[in-house]
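Residue-level structure breakdown
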Number of protein chains: 2
Amino acid sequence: MVDVPDLVEQARQGKPRAVARLISLVEGASPQLREVMAALAPLTGGAYVVGLTGSPGVGKSTSTSALVTAYRKIGKRVGVLAVDPSSPFSGGALLGDRVRMSDHASDPGVYIRSMATRGHLGGLAWSAPQAIRVLDAAGCEVILVETVGVGQSEVEIASQADTSVVLLAPGMGDGIQAAKAGILEIGDVYVVNKADRDGADATVRELNHMLGLGEARAAGDWRPPIVKTIAARAQGVDEVVEALEKHRAWMEERGVLAERRRARAAHEVETIAVTALRERIGDLRGDRRLGALAERIARGELDPYAAADELIAGITKG
Amino acid sequence: MVDVPDLVEQARQGKPRAVARLISLVEGASPQLREVMAALAPLTGGAYVVGLTGSPGVGKSTSTSALVTAYRKIGKRVGVLAVDPSSPFSGGALLGDRVRMSDHASDPGVYIRSMATRGHLGGLAWSAPQAIRVLDAAGCEVILVETVGVGQSEVEIASQADTSVVLLAPGMGDGIQAAKAGILEIGDVYVVNKADRDGADATVRELNHMLGLGEARAAGDWRPPIVKTIAARAQGVDEVVEALEKHRAWMEERGVLAERRRARAAHEVETIAVTALRERIGDLRGDRRLGALAERIARGELDPYAAADELIAGITKG
């Protein structure tokens, strides 16, 4: 058994090993998970959570790394959570080029962690927020959540951030990609990276058009800025930080931040509750009841909905 | 209200509109869903379900179309379900080139349907098997389930088939891709398409090696065959059908087919039960209880696990 209060205290002091250990505990659904979460709760709420999403090749890792540098420059403690929902089996091993992140490897003010799904749908929707709580409790003032790809889980994870940054790059057919993944619905700040490439201005224009930024908005509405960057040369990155801080201030002024965090907490509770119920049903896997129901379905005697009703009746109230 | 028995009867007679209508009913979680599923149950179990998966660019659509032609040649009624889990918002509109399928558009012995996730995780894991049930009840003797991409949901959907076909093509770095998505764990039959390209033999060799096909196996174990095809020219496709029929016969001899179908039914029931419970929790979304819990979490007074416990206690037994 782990001495949770001691571990939490060490994480508070910024000891990376303690942070790593805590994330492993929450990620692996350890028996002490509840104890950990209860200990973390009063320490959370201080971090500003920024989601970064975009198609492969837009330079997400480079941008994340450049943002880390920019935030470190203004003295913020930074946590990075790199999430790869498309990789059920890698356990993070194939997470792509994290080498650039090694710039920050020796900086005690930066904590970097990679996560993969480990094989079950919804796994990250459940464990990423818990890892964010650990980083938050450990005193990270900014947490960058970088998702690999633009699928549904990525959008879901990114939309759980305080501020969502959508990255694009010129000439990648991003218009269609973005529409496909619905990322145009979640961006609070847009970044067109690799802005020295041909077509950068066209991408900005197209984005402007797609976001309807030319149209009139109600006074006080948030107008998502589009920032051009060359992350590999750290160009434009301070402007991204500025845009983020503006969005944060805007949210704080209007109570939007508190509202988003309540919504995030509600979503988190729902996800955990669903996972717990799913496990309760999963526990029936070896059970004779489920086996018998499956047999009847396979024979065409019963349909799967009627079978599910029987299964649920076993564990729920009326 | 739809006249379900009449609709099912029409589908049995192979009327494509009735089939389409039934799939829409099960996909859209219509109020009559249960009635539909109950009516379908006694008519199912006749179809042989083949999953096709592989990275974009290996020629899945072309291969599926060629397989349809091959099965039609031997007089089988064929259903095709083209599933795109990566597209939460398209509703199927961006499903890629389905034009090739138009070869079969006027053939009454072929039914083709595209599905996308429509926005919630696990949506396809739930609705794809129901659509398969419709095609099965409608008298399709072979159902080809083609998934776009190699992510987790694709693997999950493909692994629910009677036989899983994994498609690869030379020179696409498929080794890494395949390992990443875990598709090497689910293939019953491997197809190296575009076999006229450079590197086809190397791909076969690599695959042989990765699958450990050189190693000794217990007598009677299934040894996944590797078939080379040029689907665009229909070359090798009859050999794929032959490999599929061999696998089917092998499964039937050993009771593996019945076992897989029971496992599939059990998985289906679980998924439906989890979805139903998730909805029950989702119904609490506007509820004051969830709002109050979220507020306390956001303030750091409560952790999300303790909150989930409270939520679950409201709907379950002890």
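As recorded in an unreviewed UniProt entry, chain A goes by LAO/AO transport system kinase and comes from Streptomyces zagrosensis.

**As for the overall build of chain A**
Looking only at helices and strands, chain A has twelve helices and seven strands in total. Counting every position in chain A, which comprises 318 residues, the buried fraction comes to 57%. Long-range contacts, defined here as pairs at least 24 residues apart, represent 75% of the contacts in chain A between residues at least 6 apart. Summing over all exposed atoms, chain A offers an accessible surface of approximately 13,200 Å²; the carbon and sulfur share of this is 51%.

**Some thoughts on the pattern of salt bridges**
Under the criterion given, the structure shown has 30 salt bridges over all chains. Across the pair aspartate 196 of chain A and arginine 233 of chain A runs a salt bridge whose closest N-O atoms are separated by 2.7 Å. Residue aspartate 196 of chain A is found in the loop between strand S6 (189-192) and helix H8 (200-210), and its partner arginine 233 of chain A is found in the loop between strand S7 (226-228) and helix H9 (237-253); the two are separated by 37 residues along the sequence. Among the residues examined, aspartate 196 of chain A registers a relative accessible area of 45% and is labelled partly exposed. When salt bridges that share partners are traced, they join Glu259 and Arg262 of chain A together with Glu295, Arg299 and Glu301 of chain B into one network.

**Looking at H8 of chain A**
All names here are of chain A. Taken as a whole, H8 has its buried residues at Ala200, Thr203, Val204 and Leu207. End-on view of H8: buried residues confined to an arc of 100°, all on one side of the axis. Facing away from the buried side of H8 by over 90 degrees, the exposed positions are Arg205 and His209. Buried-residue contacts for H8 involve strand S5 (163-168), S6 and S7. Glycine 212 sits one or two positions beyond H8 and adopts a positive phi of about 60°.

**A word on the environment of threonine 64 of chain A**
Looking at where threonine 64 of chain A falls in the secondary structure, it is placed in helix H4 (residues 60-73). A sequence separation of 173 residues divides threonine 64 of chain A from valine 237 of chain A, and the C-alpha atoms of the two residues are 9.7 Å apart.

**Section: a negative patch on the surface**
Residue and element names in this part refer to chain A. Together, Asp3, Asp6, Glu9 and Glu35 give the surface a local cluster of negative charge. Residue placement: aspartate 6 occurs in helix H1 (residues 4-12). For aspartate 6, a relative accessible area of 38% puts it in the partly exposed group.

**Focus on the nonpolar core**
Leu22 of chain A together with Leu22 of chain B are the most contacted members of the largest nonpolar core, which has 104 residues in total. For leucine 22 of chain B, the residues in contact, after removing those within four places along its chain, are Leu7, Val8, Ala11, Val36, Leu40 and Val134 of chain B.

**Examining the packing of aromatic side chains**
Residue and element names in this part refer to chain A. Enumeration over the complete set of coordinates arrives at two aromatic pairs over all chains. Pairing tryptophan 222 with tryptophan 250 gives two aromatic rings, centres 5.6 Å apart and planes at 45°, and the pair type is tilted. Taken together, the residues tryptophan 222 in the loop between H8 and S7 and tryptophan 250 in helix H9 connect sequence positions 28 residues apart. Classification of tryptophan 222 as buried rests on a relative accessible area of 17%.

**Topic: helix H11 (residues 288-298) of chain B**
Residues and elements named next belong to chain B. Within the span of H11, buried status applies to Leu290, Leu293, Ala294 and Ile297. Along the long axis of H11, the arc covered by the buried residues comes to 100°, so they all point the same way. A positive backbone phi angle near 80° is found at glycine 300, which sits one or two residues after H11.

**Points about unusual backbone geometry**
Phi at lysine 194 of chain A takes a positive value of approximately 55°, unusual for a residue other than glycine. Examined against the element boundaries, lysine 194 of chain A turns out to sit in the loop between S6 and H8. Even without being glycine, alanine 234 of chain B reaches a positive phi, approximately 60°. Locating alanine 234 of chain B in the fold gives a position in the loop between strand S7 (226-228) and helix H9 (237-254).

Definitions and limits used
- Residues numbered from 1 in each chain as written.
- Chains lettered and ligands numbered in written order.
- Predicted model: local features only at pLDDT ≥ 70, side-chain atom pairs only at ≥ 80, totals over all residues.
- Heavy atoms only, no water.
- Helix = DSSP H or I, 4+ residues; strand = E, 2+ residues; numbered from the N terminus.
- Buried < 20%, exposed > 50% of the residue type's maximum accessible area, 1.4 Å probe, protein only.
- Contact = heavy atoms within 4.5 Å.
- Areas by Shrake-Rupley, 256 points an atom, 1.4 Å probe, with all protein chains shown as cover.
- Salt bridge = Lys/Arg side-chain N within 4 Å of Asp/Glu carboxyl O.
- Arc of directions from axis to C-beta.
- Patch = residues over 30% accessible without salt bridge, like charges linked within 9 Å, V, L, I, M, F, W, Y side chains within 5 Å.
- Lys, Arg positive; Asp, Glu negative; His and termini not counted.
- Charge placed at Lys NZ, Arg CZ, Asp CG, Glu CD.
- Core = buried A, V, L, I, M, F, W, Y, C linked by side-chain atoms within 4.5 Å.
- Phe/Tyr/Trp six-rings, centres within 6.5 Å; stacked < 30°, edge-to-face > 60°.

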